[in-house]
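Each chain, written out:
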Amino acid sequence: MDADELKLRQLAGQFLLAPSAPVTVGRALCGLQAQFMKNALHALAIRSGGPDPALVRRLFCKSWTLRGTVHIFPADELPLYLDERLFRDDGWDAPSFWNQRPDWPLTPARQQELSALIRRLLAAGPLPREKLKRLCRENGMTAAEEAGMFHPWGGGVRELCERGFVHYLAQEEKVLALSPAVRPLPEAERETILARRYFTHYAPATIHDAMYFFHTGAGRVKSWLAKLPVRETVFGGRTYFSLDGPEPAGDLPECLFLAGFDPLLLGHEKRESLFLEPDDRRAVFTLSGLVRPVLLLHGRTAGVWKQSGKQLRVTPFRPLGDAERAAVRRAADALWPQLRTLTIE
């Protein structure tokens, strides 16, 4: 395989050459990172023909999963993203990331009380996060306790999600709901399913790529590979592994508007990405931890973009020729038919 064939196979596995149903995409890609919901919706739209946000809300849910980050994923796959060791555990005295912080304001007993209160309030139906906070304050939660339970990084609410008590609805507004009492899959089964999906839909991929995507060690990735009927391809001194995925057809797309935190970029270690030009890494993966929305031209990073309402601004990394600018305009018109202003800086 040459570089273009490797790229085509990765694009095909990611549904960027031929779209599929939203749930199919969500399953295959192990969810879509969604701390900014607009990014997740765009990443899903360019892979599934732009589903209605109401459909996404009905079929998906949102919670902390891979890499300890928020993802949307098909709601019926909740058992795949829960840890059986923590499932429905209502004890809060074991050491955790949260209660070991010096500013953690809650005793184990108080965290248990507030966790039970949140579940009681949600029993009547989903509630916006801000309304839930207000109701908790009305039931005695102090300002310090609120800072812990509703910490911007997750706090006590995140722990409730990770234990299978609650989840967020898959929408822009932060709305919490009770989760169904579905048993998590055993860890070995869960890991095998996710590894199979990864080496089917992010492949061809290296061991370093999988380590980066799953935030795990080389030994664990190698143990997964030993259980899967993967094929090996050597290119550029690196060994790539893959399972049977969608077959690519045609040439590299002339223009793609990738989402912020797009799976195509998060699925591979950035120094080994076939699409990310070395000089562009810092402009895409910022020092503040953002992964910016990227413009791809013929399989290479060419700039970043920002869309707001009917306005789109593209900031190229290098000067674009007339043919490239025309390709950007065609792709933008196809994605945003109501676009009023396109600015290419």
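Computed from a prediction, not measured in an experiment: that's the story for all the values here. (Residues numbered from 1 in each chain as written. Predicted model: local features only at pLDDT ≥ 70, side-chain atom pairs only at ≥ 80, totals over all residues. Heavy atoms only, no water.)

Here's the deal with the sheet that holds strand 2 (residues 60-64)
Line of reasoning, step 1. In spatial order, the strands read 1-3-2-5-6-4; together these six strands make up an open sheet with antiparallel pairing. Each edge of the open sheet is held by one strand with a lone partner, namely strand 1 (32-33) and strand 4 (127-128).
Line of reasoning, step 2. Pairing geometry for strand 5 (residues 166-169) and strand 6 (residues 175-178), over three bridges, is antiparallel. Within strand 6, the residue paired with Y168 across the bridge is L176.
Line of reasoning, step 3. Sheet strands in contact with helix 8 (residues 155-162) are strand 2, strand 5 and strand 6, and its direction is about 105 degrees off that of strand 5. (Pairing = 2+ DSSP bridges. Helix = DSSP H or I, 4+ residues; strand = E, 2+ residues; numbered from the N terminus. Contact = heavy atoms within 4.5 Å. Axes fitted to C-alpha atoms, helices over the stretch in contact; angles between N-to-C directions.)

Remarks on the packing of helix 9 (residues 187-201) against helix 10 (residues 207-214)
Line of reasoning, step 1. Where helix 9 meets helix 10, the axes come as close as 11 Å, and the angle between the chain directions of the two elements is 125 degrees. What the angle tells us is that helix 9 and helix 10 run oblique. For helix 9 against helix 10, the interelement crossing comes out right-handed. Within the contact between the two elements, helix 9 uses L194, A195, Y198 and F199 and helix 10 uses D209, A210, F213 and F214.
Line of reasoning, step 2. Considering only residue class, the contact of helix 9 with helix 10 consists of seven nonpolar, no polar and one charged. (Parallel < 35°, antiparallel > 145°, perpendicular 65-115°, else oblique. Left-handed = near helix turned anticlockwise from the far one by under 90°. Nonpolar A, V, L, I, M, F, W, Y, C, P; charged D, E, K, R; others polar.)

Considering helix 3 (residues 37-48)
Spacing of three or four residues puts side chains on the same side of an α-helix, whose turn is 3.6 residues.
Line of reasoning, step 1. Between its terminal C-alpha atoms helix 3 stretches 16 Å, which fits the 16 Å expected from twelve residues at 1.5 Å a residue.
Line of reasoning, step 2. The buried count for helix 3 comes to nine of twelve residues, which makes it a mostly enclosed element.
Line of reasoning, step 3. When helix 3 is considered as a whole, its buried residues turn out to be M37, N39, A40, H42, A43, L44, I46, R47 and S48.
Line of reasoning, step 4. The first or second residue beyond helix 3 is G49, which carries a positive phi of 75 degrees. (Expected span 1.5 Å × (residues − 1). Buried < 20%, exposed > 50% of the residue type's maximum accessible area, 1.4 Å probe, protein only.)

Remarks on the pairing of strand 12 (residues 311-316)
Line of reasoning, step 1. In strand 12, alternate side chains face the same way, and those of L312, V314 and P316 are buried while those of Q311, R313 and T315 on the opposite face are not.
Line of reasoning, step 2. Across six bridges, the pairing between strand 11 (residues 300-308) and strand 12 is antiparallel. Across the sheet, the residue bridging to V304 is T315, located in strand 12.
Line of reasoning, step 3. Linking strand 11 back to strand 12 in an antiparallel pair, the connection comprises two residues, with G309 at a positive phi of about 60 degrees.
Line of reasoning, step 4. Regarding the hand of the β-α-β motif, the stretch spanning strand 12, helix 14 (residues 322-335) and strand 13 (residues 341-344) is right-handed. (Right-handed = clockwise from strand over helix to strand, strands pointing away.)

A short note on the sheet that holds strand 10 (residues 294-297)
Line of reasoning, step 1. Read from one edge to the other, the open sheet built from five strands follows the order 9-10-11-12-13, with strand pairing classed as mixed. Bordering the open sheet on either side are strand 9 (255-257) and strand 13, each of which pairs with just one other strand. Along the sheet, successive strands turn relative to each other by an average axial angle of 25 degrees, direction set aside.
Line of reasoning, step 2. Sheet analysis places strand 10 next to strand 11, joined by four bridges and oriented antiparallel.

Geometric values such as these leave the question of function open.
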